[in-house]
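Topology and contacts: notes
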Amino acid sequence: MPKYIILGKQPLAGEIDIKGAKNSVLKIIPVAILSTQKIKITNIPEIEDTEKSLSLIESLGGIVTRDGNTATIDTSKINNTELKSDLAKKFRASIMFVGPILARFGEVKFSHPGGCVIGAGSRPIDLFIEGFEALGAKVEYNEDEGFYHIQAEKLIGCDYFFSTISVTGTEALMMTAVLAKGKTTLKNCAMEPEIEALANYLNSCGAKISGAGTPIITIEGVDKISAGEFEVIPDRIEAGSIAILAAATNSEIRINKCNPDHIESLLNIFDKIGIKYEKGADWIQMKKTDKFLAYGIKTHEYPGFPTDLQSPYTVFMTQAQGSSLIHETIYDRRLFYVDMLSQMGADITICDPHRVVVNGPTKLYAKKLISPDLRAGMAMIIAGLIAEGETEIDNIYQIDRGYEKIDERLNKLGAKIQKVD
Ligand code: EPU
């Protein structure tokens, strides 16, 4: 299994381009199924999850033409409504295929999707199931085989209230309702920028969606939609992670091709704790700051502080002056990695499964680490860059799932990260 070996304390400087957002492209690929026309997607990040999603399209009978960061998808010949369970089980976002297949073909079979091990149980899909039922679908579950079979001759517009705010849940029901008969109103929706980008694309193809980016989304069903071109929006989590990395390592790094508005919750904290930076419409210039204050966070749905930046931020706080309370509210199992930071010398007190207190600043020392999930993996890279000595990170498959060639890109800034088998 490949691992990263990071030699810490190297001076970092220079420019880095942010790639297309994983959590945007993973929704736009399945949306290709809603139309029989070809869709062209540009600015695709070259990461594991994207490859799996495109393979899933091919396993259904779709044709994918790839040229670097661009892909054209033709789903006109799809004749299969069963998601290959071995492939679908490997990534959580395979759940995004269910709605479009159901909406176009009237039935879909799939097994419970996998992905990062961070949520309750095995990351529930109850909201999706409940939503499909609200749209008039009949759901059967084969417990022995762990297989769902969902059918609906014609989906019917409905009113649906999300009892828990869910990003993929909002996206799934929004895209499924596009081809339903009549009006659907979704309430207590997630408001992430990826949702608005998806709605804008669907509207450009003839869908009638309003309110995306607010808690109430309405969709007037249409008989069919066309397809067009979609440029994947910049990855706000990658941009935020690099901004944190620069701040934590006291480095002058210019972050290009990003949208600073999408990480306002982080930049707002930088302003409060004394981290210096400048920003423009699509760039952030991080400035050297050798001393900054501790500041607590409570993760929240957008536009609040993203759970996906919680672990990089916790590493950052080990270098801050004072104590900060880190409160993870979205997932049940997303703070377990702090044990590894403590082994590196961080002063962290675990209050309960959702809260830790970080006391800084502390010196970090290199250790052998295992990346438990994608975002904690990025946090470990940052810790490795700060630490004295050679840090080894195992299970980097989890990191490559979401960050394109992160070792090579950070090495261009002066990092010394080696990928070894
Ligand atoms: N939830 C349910 N039932 C459901 C769905 C979700 O109880 O049917 C719960 C979850 O267990 C969680 C909460 O609702 O406690 C919110 O989760 P949400 O559904 O919003 O998460 P998601 O849509 O599965 C997306 C991103 C995650 C990101 C979260 C929160 C994608 C593919 N994934 O997940 O990204 O953490 O929103 O912003 O868009 C990552 O990129 O590392 C990642 C995990």
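Everything numeric here is computed off the predicted structure, so don't read it as measured data.

**A closer look at the overall build of the protein chain**
Regarding its fold elements, the protein chain presents 14 helices and 23 strands. Seen through its principal axes, the protein chain has C-alpha atoms that stretch 60 × 45 × 45 Å. In the protein chain, buried positions account for 57% of the 421 residues. A fraction of 71% describes how many contacts in the protein chain between residues 6 or more apart in sequence connect residues 24 or more apart. By element, 47% of the accessible surface of the protein chain is carried by carbon and sulfur atoms, the whole surface being about 16600 Å². The average position of the 47 basic charges and that of the 55 acidic charges among the side chains of the protein chain differ by 2 Å.

**Comments concerning the site of the ligand**
Near the ligand you find 23 residues, and of these Asp126, Ser166, Thr168, Asp308 and Ile330 are the closest. In this structure, Asp308 approaches the ligand through a side-chain N or O atom, which is 2.7 Å from an oxygen atom. Because more than half of its atoms lie within 2 Å of the grid, the ligand is assigned to the largest pocket. Secondary-structure elements contributing two or more residues to the shell around the ligand are helix H1 (22-31), helix H5 (126-134), helix H6 (167-177) and helix H12 (374-386). Each residue belonging to the shell around the ligand can be placed in one class, and the counts come to 10 nonpolar, 5 polar and 8 charged.

**So, the domain arrangement of the protein chain**
Along its sequence, the protein chain is carved into domain 1 (3-19 + 234-420) and domain 2 (22-231). Here the C-alpha centre of domain 2 lies 31 Å away from the C-alpha centre of domain 1. Considering only the surface of domain 1 that becomes buried against domain 2, Tyr302, Arg333 and Arg401 emerge as the three largest contributors, covering 31% of it. On the surface where domain 1 and domain 2 come into contact, there are 3 salt bridges. Residue Lys405 pairs with Glu46 through a salt bridge whose shortest N-O separation is 3.7 Å. Where domain 1 packs against domain 2, one counts 7 residue pairs in polar contact (both at pLDDT 80 or more). Residue assignment for the side of domain 1 that touches domain 2 shows that the elements contributing at least two residues are H12 and helix H13 (397-400). Among the elements that line the side of domain 1 that touches domain 2, the one with the most residues is H13, at 3 residues. Looking at the side of domain 1 that touches domain 2, its residues break down into 6 nonpolar, 3 polar and 14 charged.

**What about the layout of surface pockets?**
By volume, the largest pocket is sized at about 1000 Å³. Contributing to the lining of the largest pocket are 43 residues, with Arg123, Val167, Thr168, Ile330 and Tyr331 lying nearest its centre. Mapped onto the lining of the largest pocket, the elements with two or more residues apiece are H1, H5, H6, helix H8 (236-248) and H12. Counting residues per element, the lining of the largest pocket draws most heavily on H1, which supplies 4 residues. In terms of residue class, the lining of the largest pocket is built from 19 nonpolar, 9 polar and 15 charged. Residue contributions to the lining of the largest pocket reach at least three from each of two domains, namely domain 1 (3-19 + 234-420) and domain 2 (22-231). Approximately 320 Å³ is the volume found for the second largest pocket. If you go around the second largest pocket, you meet 22 residues; those closest to its centre are Lys9, Ala248, Thr249, Asn250 and Gln319. Here the lining of the second largest pocket is composed, by residue class, of 9 nonpolar, 8 polar and 5 charged.

**Considerations on the packing of aromatic side chains**
The full count for this structure, using the stated rule, is 9 aromatic pairs. One aromatic cluster is present, formed by Phe270, Tyr277, Phe292, Phe305, Tyr313 and Phe316 through successive ring pairs. Over the face of the ring belonging to Trp283 we find Arg254, whose NZ or CZ atom lies 4.4 Å from the ring centre.

**Regarding the pattern of salt bridges**
A full pass over the atoms with the stated rule returns 17 salt bridges. Across the pair Glu238 and Arg409 runs a salt bridge whose closest N-O atoms are separated by 2.6 Å. A residue pair is termed long-range when its members are at least 10 positions apart, and Glu238 in helix H8 and Arg409 in helix H14 (residues 406-411) qualify at 171 residues.

**What about the packing of H1 against helix H2 (residues 48-60)?**
Packing of H1 against H2 leaves a shortest axis separation of 10 Å and a crossing angle of 5 degrees. The angle between the axes of H1 and H2 places the two elements in the roughly parallel class. Contact residues: H1 offers Lys22, Val25, Leu26, Ile29 and Pro30, while H2 offers Asp49, Thr50, Ser53, Leu54 and Ile57.

**Quick word on the pairing of strand E16 (residues 283-286)**
Looking at chain direction, strand E14 (residues 252-256) and E16 are connected through 4 bridges and run antiparallel. When the sheet's bridge partners are listed, Arg254 is paired in E16 with Gln285. As paired strands, strand E15 (residues 277-279) and E16 are joined by 3 bridges and run antiparallel to one another. In the sheet register, Tyr277 faces E16, and the bridge partner there is Met286.

**Quick notes on the sheet that holds strand E7 (residues 138-142)**
Strand order across the open sheet formed by 3 strands is E6-E8-E7, with antiparallel pairing between neighbours. A single partner strand is all that each edge strand has here, and the edge strands are strand E6 (107-111) and E7. Between one strand and the next, the sheet's axes are offset by a mean angle of 15 degrees, whatever the strand orientation. Relative to strand E8 (residues 147-151), E7 is paired through 5 bridges, and the arrangement is antiparallel. Looking at the pairing, Asn142 lines up with Phe147 of E8. The strands touched by helix H4 (residues 98-105) within the sheet are E6 and E8, with E6 carrying the most contacts at an inclination of about 155 degrees. In the packing of H5 onto the sheet, the strands contacted are E6, E7 and E8, and the crossing angle to E8 comes to about 20 degrees.

What counts, and where the lines are drawn
- Residues numbered from 1 in each chain as written.
- Predicted model: local features only at pLDDT ≥ 70, side-chain atom pairs only at ≥ 80, totals over all residues.
- Heavy atoms only, no water.
- Helix = DSSP H or I, 4+ residues; strand = E, 2+ residues; numbered from the N terminus.
- Buried < 20%, exposed > 50% of the residue type's maximum accessible area, 1.4 Å probe, protein only.
- Contact = heavy atoms within 4.5 Å.
- Areas by Shrake-Rupley, 256 points an atom, 1.4 Å probe, with all protein chains shown as cover.
- Lys, Arg positive; Asp, Glu negative; His and termini not counted.
- Charge placed at Lys NZ, Arg CZ, Asp CG, Glu CD.
- Near = heavy atom within 4 Å.
- Polar contact = N/O pair within 3.5 Å; in protein donor to acceptor, adjacent residues only side chain to side chain.
- 1 Å grid on protein atoms, 1.4 Å probe; cavity = no way out; pocket = protein on both sides within 12 Å on 5 of 7 lines; lining within 4 Å.
- Sits in = over half its atoms within 2 Å of the grid points.
- Nonpolar A, V, L, I, M, F, W, Y, C, P; charged D, E, K, R; others polar.
- Domains from an automatic or database assignment.
- Buried area = accessible area lost by both parts, 1.4 Å probe.
- Salt bridge = Lys/Arg side-chain N within 4 Å of Asp/Glu carboxyl O.
- Points joined across faces, edges and corners; volume = space filled by probe spheres on them.
- Phe/Tyr/Trp six-rings, centres within 6.5 Å; stacked < 30°, edge-to-face > 60°.
- Lys NZ or Arg CZ within 6 Å of the ring centre and 35° of its normal.
- Axes fitted to C-alpha atoms, helices over the stretch in contact; angles between N-to-C directions.
- Parallel < 35°, antiparallel > 145°, perpendicular 65-115°, else oblique.
- Pairing = 2+ DSSP bridges.

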